[in-house]
Amino acid sequence: MAQSDQKIKPADIFDKAYQFTAADDVKALGLYPYFKPLTDTDGNVVVIEGKEVIMAGSNNYLGLTNDIRLMEAAQKAITKYGTGCTGSRYLNGTLDIHLELEEKLAAFMRKENCVLFSTGYQTNEGAIQTIAGRNDIIFSDKDNHACIVTGTLLSNGRTVRYYHNDMDHLRKLLEREGPSTGKVIVSDGVFSMSGSLARIPELVALSKEFNARLYLDDAHAIGVLGEGGRGSASAFGLLDEVDLVSGTFSKSFASLGGFLVGDRSIIEYIRHHSPAHIFSASMPPANVATVLKALEVLQEETWRLDRLEVISNYMRKGLKELGFNIWTSQSPIIPVVIGDLMDCLKFWRDLFEEGVYANAVVPPAVPRGQSLLRTSYMATHTDAQLDSILDAFRKVGIRRGIIDQNGHSLIEA
Ligand SMILES: Cc1ncc(COP(=O)(O)O)c(C=O)c1O
């Protein structure tokens, strides 16, 4: 063995893990906000570390996770079908209720066909990987969700990313491509950190002008926005103009799983080609039955959507008036920008002590210096709970020097 070889310490693939101490460092300071177990919950109020706090960080937009009708539907499905499907939809894992849900969702979304996936993440990852082939190009918003990014990385197509919601940049990128390349524009309908909407009328116009297909990930918009909760494109009266719309069941639908709707042949193609669909077990019966019931409730109890809109406006106005920077939120997701990472974790802890749980979001999920508390609201939040959330933000914001008493921001972020 050469002398120089003896000196080199052999690489260990685990070195990065042994050197990862950031989580332990923050835990030692008592500021670690992640993986906190909820030991009890009624949806609105949860128990963490033995303390009751108002949940202001859930995607349970319609407030249905603890609805007795959904819980009973799930229990009945378990009694009838068992606890799991133990196989892919392709083979032994299709139940009659999977087909019923696909039919009902296609009808609800006014599209020809629907395919279910076992998570929302798999839906976008699997569908995007499958539709973009070797000669195709994906135009993806820079702020798109991680599952879209994964889908683009897995696909054999090329991907170009346009600046967030920047339609001039998207146009320039589209102009560079010739007519022989298959094109799809992919965007979140509502962006999951900022709560802002995609520029759907412009996306539709550009997709038509450049003969590109349009794909929206409406995880945070179906059951939230648009006519009867049909999502972001519907909010602009443009649902017909979007080729593919995906949704998730982990938010408004109070369950787990995801779906994609579109024209019959496209959905059939994805159903028969997507590895994430073919090589993964299907949604368990309880999850499917929960979504079927949630879809029914969504259509019957339209007050939930109305209330969601009213309280989102109320909270946006309230947080803004207190002096907080809430970015460009247009939905029940309202970020409160704190700026520095450690300041954000301290704010999170103080807020918790004041009886409110919100999600601490730090880089790389947001740009450096833009750490934030991501708040989100549910149709079932009471007025008193909303005011308690505002009061807690006011107290902590002043104490931590983020806002002053007169409703001014004291930070640059
Ligand atoms: C925009 C967006 N798409 C997809 C997903 C993935 O959904 P799920 O958590 O149901 O897998 C999320 C989850 O947060 C999301 O925010």
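Residues numbered from 1 in each chain as written. Predicted model: local features only at pLDDT ≥ 70, side-chain atom pairs only at ≥ 80, totals over all residues. Heavy atoms only, no water.

Some thoughts on the overall build of the protein chain
Phase 1: When helices and strands are counted, the protein chain shows 16 helices and 14 strands.
Phase 2: For 413 residues, the compact-globule estimate of 2.2 N^0.38 gives 22 Å, and the protein chain sits close to it at 23 Å.
Phase 3: Across its three principal directions, the C-alpha atoms of the protein chain cover 75 × 60 × 45 Å.
Phase 4: Taking all 413 residues of the protein chain together, the buried fraction comes to 54%.
Phase 5: Put simply, 70% of the contacts in the protein chain that link residues at least 6 apart link residues at least 24 apart. (Helix = DSSP H or I, 4+ residues; strand = E, 2+ residues; numbered from the N terminus. Rg over C-alpha atoms; globule rule 2.2 N^0.38 Å. Buried < 20%, exposed > 50% of the residue type's maximum accessible area, 1.4 Å probe, protein only. Contact = heavy atoms within 4.5 Å.)

Brief notes about the site of the ligand
Phase 1: Tyr121, Asp217, His220, Thr248 and Ser250 are the nearest of the 14 residues found near the ligand.
Phase 2: Here a nitrogen atom of the ligand sits 2.6 Å away from a polar atom, N or O, in the side chain of aspartate 217.
Phase 3: Residue histidine 220 places a side-chain N or O atom 2.6 Å away from an oxygen atom belonging to the ligand.
Phase 4: Look at the ligand: alone it shows 380 Å² of surface, and the protein chains cover 84% of it.
Phase 5: Of the residues forming the shell around the ligand, the biggest block, three residues, is contributed by helix H6 (residues 120–131).
Phase 6: Tallied by class, residues from the shell around the ligand come to three nonpolar, eight polar and three charged. (Near = heavy atom within 4 Å. Polar contact = N/O pair within 3.5 Å; in protein donor to acceptor, adjacent residues only side chain to side chain. Areas by Shrake-Rupley, 256 points an atom, 1.4 Å probe, with all protein chains shown as cover. Nonpolar A, V, L, I, M, F, W, Y, C, P; charged D, E, K, R; others polar.)

Considerations on the packing of aromatic side chains
Phase 1: Here the structure, examined in full by the defined rule, presents nine aromatic pairs.
Phase 2: Pairing phenylalanine 249 with phenylalanine 259 gives two aromatic rings, centres 5.4 Å apart and planes at 15°, and the pair type is stacked. Here phenylalanine 259 lies in strand S10 (residues 258–262) and phenylalanine 249 lies in the loop between strand S9 (244–248) and S10, a separation of 10 residues in the sequence.
Phase 3: We classify phenylalanine 259 as buried; its relative accessible area is 0%.
Phase 4: With a centroid separation of 6.2 Å and 75° between ring planes, the pair formed by phenylalanine 324 and phenylalanine 347 is classed as edge-to-face. Here the residue phenylalanine 324 occupies a position in the loop between helix H14 (303–322) and strand S11 (333–339), and phenylalanine 347 occupies one in helix H15 (residues 341–353), the gap between them amounting to 23 residues. (Phe/Tyr/Trp six-rings, centres within 6.5 Å; stacked < 30°, edge-to-face > 60°.)

Side note on helix H8 (residues 167–175)
Phase 1: Of all the positions in H8, only Met167, His169, Leu170, Leu173 and Leu174 are classed as buried. All buried residues of H8 project into a common sector of 155° when viewed along the axis, lining one side. Residues Asp168 and Lys172 are exposed on H8 and point more than 90 degrees away from its buried face.
Phase 2: Turning to H8, the residues buried within the fold contact strand S5 (136–141), strand S6 (158–162), strand S7 (182–188) and helix H9 (200–209). (Arc of directions from axis to C-beta.)

As for the sheet that holds S11
Within a sheet, each strand pairs with its neighbour through backbone hydrogen bonds, oriented either parallel or antiparallel.
Phase 1: Taken in spatial order, the three strands make up an open sheet running S11-S14-S13, and their pairing is antiparallel. If you trace the sheet from one side to the other, it starts and ends with S11 and strand S13 (359–361), each paired once. Adjacent strand axes in the sheet meet at a mean angle of 30°, parallel and antiparallel pairs treated alike.
Phase 2: Against the sheet, H15 engages S11, S13 and strand S14 (371–376), with an angle of about 35° to S14. (Pairing = 2+ DSSP bridges. Axes fitted to C-alpha atoms, helices over the stretch in contact; angles between N-to-C directions.)

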